[in-house]
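# Descriptive structure summary
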Amino acid sequence: MKIFIALIAIIVVFYFLRKANKNTYKVIVNKISVNPEPQYVNSTQVNVLHLSDLHLENLSITPDELYRQVKHEKIDLIAITGDFLDRQRSIPKLVPYLDILNKIAPKHGIYAVFGNHDYFLRKKNFEKLKRMLEEHGVRTFQNENESLMIHGHRLNLIGIDDYSSKRSNLLESYSALKAGYNLVLTHDPNLVLQMKGYHFDYLLSGHFHGGQICYPKPYHLVKMGKLVRMKMIKGFHTHDGKPFYINEGLGQTGLNIRVRSNPEITIHTLTLGAKEAAEKHAI
């Protein structure tokens, strides 16, 4: 009888793991219009493809599948919010994905910040990762910013280093910043709770994987910061009136499984110039 019960238990566990692994192939593409109304004559829209948490050690989405999902979309800029990998031997696996991102050919470039798992690498291997990204046209940020002029509007890209591993420096990240639309890229969304004195129009992040295993609830995320206790683990949110998005990520950590969570690709439509136009309209 005990052997029979054990056998049933093994079958149930195998079935659960197999089904949970299949979920890692079911990528979802979400489209978000950040500030769609109202539209003004002099405003312009920018479509940002946002990827996060590739975790190449446990990634079921192939480069070809990634391209298939977005090849018909208008992509102006690509943003990647960290956790590419955590093992040196995985670095070459990144190349086919970078080739696909370059094939998408975003008009205004590819930008990335690093996550806590990237810093698991030894310093020389981390530098190898950073160098590979930059050799493939990815501008990396470590508490830095860069401005783009798009149809007469300034888009400030602010790349803030990983908060969970205590590498964030807001003062450096905002240094010499000029007035414009502030788009923040960072890995750990808990950073928004520290940004009361720092303006952003939108913030992109990842880190939580949408819980990854949400059965019955993602209780294991509680240790990952205050936002979890505020029930902010994925999707669109606001804090202090400022909007931010938590991407569920493409890859997984630990076991290559997902339960009530899916790999996610997001396309965010930003409207530049709407704020200035609204202020002029109100005068």
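Residues numbered from 1 in each chain as written. Predicted model: local features only at pLDDT ≥ 70, side-chain atom pairs only at ≥ 80, totals over all residues. Heavy atoms only, no water.

### Considering the overall build of the protein chain
The cut-off we apply is this: For the purposes of this entry, the term helix denotes a DSSP run of H or I that reaches at least four residues, the term strand denotes a run of E that reaches at least two, and both are numbered from the N terminus. Remark: exposure states derive from per-residue accessible area (1.4 Å probe, protein chains only) relative to the maximum for the residue type, with buried under 20%, exposed over 50%, and partly exposed in between. Areas reported as accessible are Shrake-Rupley estimates using a 1.4 Å probe. Residue values count occlusion only from the protein chains shown.
When you go through the protein chain residue by residue, the secondary structure sums to seven helices and twelve strands. A buried classification covers 53% of the 283 residues belonging to the protein chain. Of the roughly 14,100 Å² that the protein chain leaves accessible, carbon and sulfur atoms contribute 56%.

### Remarks on the pairing of strand β7 (residues 153-159)
Under the convention used in this document: We call two strands paired when DSSP finds no fewer than two bridges between them.
Extensive coverage of β7 is indicated by the burial of six of its seven residues. Bridge count for strand β6 (residues 144-150) against β7 is seven bridges, and the pairing is antiparallel. For Asn145, the partnering residue across the bridge sits in β7 and is Ile158. Between β6 and β7, which pair antiparallel in sequence order, lie two residues; one of them, His151, sits at a positive phi of approximately 50°. Note: β7 against strand β8 (residues 181-185), five bridges, orientation parallel. Bridge assignment links Gly159 to a residue of β8, and that residue is Leu185.

### Focus on the nonpolar core
One recurring pattern in soluble globular proteins is that nonpolar side chains are buried together. As a reminder of what qualifies: In this description, a nonpolar core means a group of buried Ala, Val, Leu, Ile, Met, Phe, Trp, Tyr and Cys residues linked to one another through side-chain atoms lying within 4.5 Å. Here a residue-residue contact requires only that any non-hydrogen atoms of the pair lie within 4.5 Å.
Judged by nonpolar contacts, the single largest core of 34 residues is most densely connected at Leu49, Leu66, Leu94, Leu101 and Leu250. For this core, the elements supplying multiple residues, two or more each, are β2 (44-51), α2 (63-70), β3 (77-81), α3 (95-104), β4 (110-113), α4 (123-135) and β12 (264-272). If you tally residues by element for this core, the top one is α3, at five residues. The residues touching Leu101, leaving out its near neighbours within four places in the chain, are Leu51, Leu66, Ile78, Ile80, Pro106 and Ile110.

### Thoughts on a positive patch on the surface
The test is simple: Residues enter a patch when their relative accessible area is above 30% and they make no salt bridge; the linking distance is 9 Å between like charges and 5 Å between nonpolar side chains (Val, Leu, Ile, Met, Phe, Trp, Tyr). One speaks of a salt bridge when a side-chain nitrogen belonging to Lys or Arg is within 4 Å of a carboxyl oxygen belonging to Asp or Glu. The charge count includes Lys and Arg as positive and Asp and Glu as negative, but it does not include His or the ends of the chains. Lysine's charge is taken at NZ, arginine's at CZ, aspartate's at CG and glutamate's at CD.
Taken together, the side chains of Arg18, Lys19, Lys22 and Lys26 make up a positively charged region of the molecular surface. Tracing the backbone through its elements, the reader meets Lys26 in the loop between α1 (2-22) and β1 (28-33).

### Some remarks on α2
Where we set the bar: Within this analysis, the arc is defined by the directions that extend from the helix axis to the C-beta atoms.
Considered for burial, the residues of α2 that qualify are Pro63, Leu66 and Val70. Projected down its long axis, α2 carries its buried residues within an arc of 60°, all on one side. Next to the buried residues of α2 lie β2, α3 and β12.

### Observations concerning the environment of Asp64
Topologically, Asp64 is positioned in helix α2. Counting along the chain gives 36 residues from Asp64 to Ile100, while the straight-line C-alpha distance between them is 7.6 Å.

### Examining the sheet that holds β1
By way of backbone hydrogen bonds, the strands of a sheet pair with one another, either parallel or antiparallel. To be explicit about the condition: Lines fitted to C-alpha atoms define the axes here, with helix axes fitted over just the stretch in contact, and angles between the N-to-C directions of these axes take values from 0 to 180 degrees.
Strand order across the open sheet formed by six strands is β1-β12-β2-β3-β4-β5, with mixed pairing between neighbours. Both outer strands of the open sheet, β1 and β5 (138-140), are each paired with one neighbouring strand and no more. Strand-to-strand twist of the sheet, defined as the mean angle between neighbouring strand axes without regard to direction, takes the value 25°. With four bridges joining them, β3 and β4 adopt parallel strand pairing. Bridge pairing links Thr81 to Val113 in β4.

### Overview of the environment of Tyr198
You can see Tyr198 is positioned in the loop between β8 and β9 (202-205). Taking the C-alpha atoms as reference points, Tyr198 and Leu170, 28 residues apart in sequence, are found 7.9 Å from one another. Excluding residues that lie within four positions of it along the chain, Tyr198 makes contacts with Leu170, Leu171, Tyr174 and Lys242.

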